[in-house]
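# Summary of the model geometry
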Amino acid sequence: MTATEGDNPMNLTGKTVLVTGGVTGVGEATARILARDVRRLFVHGVQPLHTVSDLLEELRGPGQATVEYFQADFTRLSEVSDLARRVRDAGGADILINNAVAPATNKRIVTSDGIEETLQVNYLAMVKLVTELHDVIRHRIVNVASETHQSADLNVDDLQLEHGYSAFDGYRRSKLAIVTFSQWVAGKLGETGSGIVTVCPGLTETPLLHDMFPGLHGQSPVEAAKNVLAGLDDALPNGAYLSSGRIKEPNPIATNPDTQTRLVEATNALLDQDIRDLVAKW
Ligand SMILES: NC(=O)c1ccc[n+]([C@@H]2O[C@H](COP(=O)([O-])OP(=O)(O)OC[C@H]3O[C@@H](n4cnc5c(N)ncnc54)[C@H](OP(=O)(O)O)[C@@H]3O)[C@@H](O)[C@H]2O)c1
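Quick look at the structure, then. This one's a predicted model, so the numbers in the text were calculated from it and none came from an experiment.

## Topic: the pattern of salt bridges
Here the structure, examined in full by the defined rule, presents 18 salt bridges. Between Glu 28 and Arg 32 there is a salt bridge, with the nearest N and O atoms lying 2.9 Å from each other. Taken as a pair, Glu 28 and Arg 32 lie in helix α1 (residues 25-37) at a separation of four residues, close to a single helical turn. Judged by relative accessible area, which is 14%, Glu 28 ranks as buried. A single network of salt bridges, built from pairs that share partners, joins Asp 82, Arg 85, Arg 86 and Asp 89.

## Here we look at the sheet that holds strand β3 (residues 66-71)
Overall, mixed pairing links the eight strands, which are arranged β3-β2-β1-β4-β5-β6-β7-β8 in an open sheet. What marks the edges here is a single partner per strand, and that holds for β3 and β8 (246-247). When strand β5 (residues 137-144) meets strand β6 (residues 195-200), the two strands line up parallel, connected through five bridges. Each residue of the ladder has a partner; that of Val 144, found in β6, is Val 199. Against the sheet, helix α3 (residues 77-89) engages β1 (16-19), β2 (40-45) and β3, with an angle of about 155 degrees to β3. Set on the sheet, helix α7 (residues 221-229) makes contact with β4 (93-98), β5 and β6; between it and β6 the angle comes to about 155 degrees.

## Overview of the pairing of β6
Here β6 lies mainly inside the structure; six of its six residues are buried. A two-sided burial pattern is seen for β6, the buried positions comprising Gly 195, Val 197 and Val 199 on one face and Ile 196, Thr 198 and Cys 200 on the other.

Reading the values: rules and limits
- Residues numbered from 1 in each chain as written.
- Predicted model: local features only at pLDDT ≥ 70, side-chain atom pairs only at ≥ 80, totals over all residues.
- Heavy atoms only, no water.
- Salt bridge = Lys/Arg side-chain N within 4 Å of Asp/Glu carboxyl O.
- Helix = DSSP H or I, 4+ residues; strand = E, 2+ residues; numbered from the N terminus.
- Buried < 20%, exposed > 50% of the residue type's maximum accessible area, 1.4 Å probe, protein only.
- Pairing = 2+ DSSP bridges.
- Contact = heavy atoms within 4.5 Å.
- Axes fitted to C-alpha atoms, helices over the stretch in contact; angles between N-to-C directions.

Right, here's the structure in full:
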């Protein structure tokens, strides 16, 4: 896997970055590029430390970042909170890249928290991480979504797809929820505070693509990582949505204030906490 000079659109010298799902696919490629330029890299993964130790050694190559690994399985919300606590204890981060994604499953799975798995891993875990870390993320949050959100619907009364589930519907619904939440946060923040942007890296050769669309091929993870890192450009407006590195309008559902309010209310109920308060204190 190779990357060239200039893949990072902002000066990352001295910065600390947390990448979720950073040990495979697009997240791994993103971590590899970041490791050259940042001061500290927090890599999150679901696998035990010993299975990712070779990758971590590579990321810690000569002249590269200090790398710390945080294991957390987002199918357990307590582990998301634990991850937030450990990142906070480590001094927070300048940039949070929410990239982790559940494998596509044809059968609807409910987690031990009682929530549909794709919604929990892809969306709720991200919301929990953002709200629990909001005051220690100093610069930018990049949420990784997907162009599939453009064809999704957000039935807030059936967010967990109890009345009709498919792997693709679960995936694109979770991605629309990510874009809608990000638009809501950006609206609350206005021009102040840490910026939040959403990116689609584009169709990419990863386990996720092969699971969800067997036979379909895409770009390399390095190309996708560059599209994720395009979300770090300081010139981007708060709330920007980027598809393959270019600003694009998201699904209009995501920018509808009524849908945003209803999603936030449904999210509060699922997480049993009031995220409106946390953003107000941002
Ligand atoms: N690939 C594409 O064509 C494409 C297109 C558009 C958008 N995207 C987006 O790009 C991002 C990265 O996708 P990818 O294709 O690189 O997928 P991937 O190769 O499947 O990687 C997903 C990452 O999430 C982690 N993960 C899985 N289950 C988890 C759990 N329960 N708790 C915490 N982390 C978990 C995985 O860890 P393990 O590997 O250890 O299980 C892995 O590091 C996703 O947000 C995806 O929606 C991808």
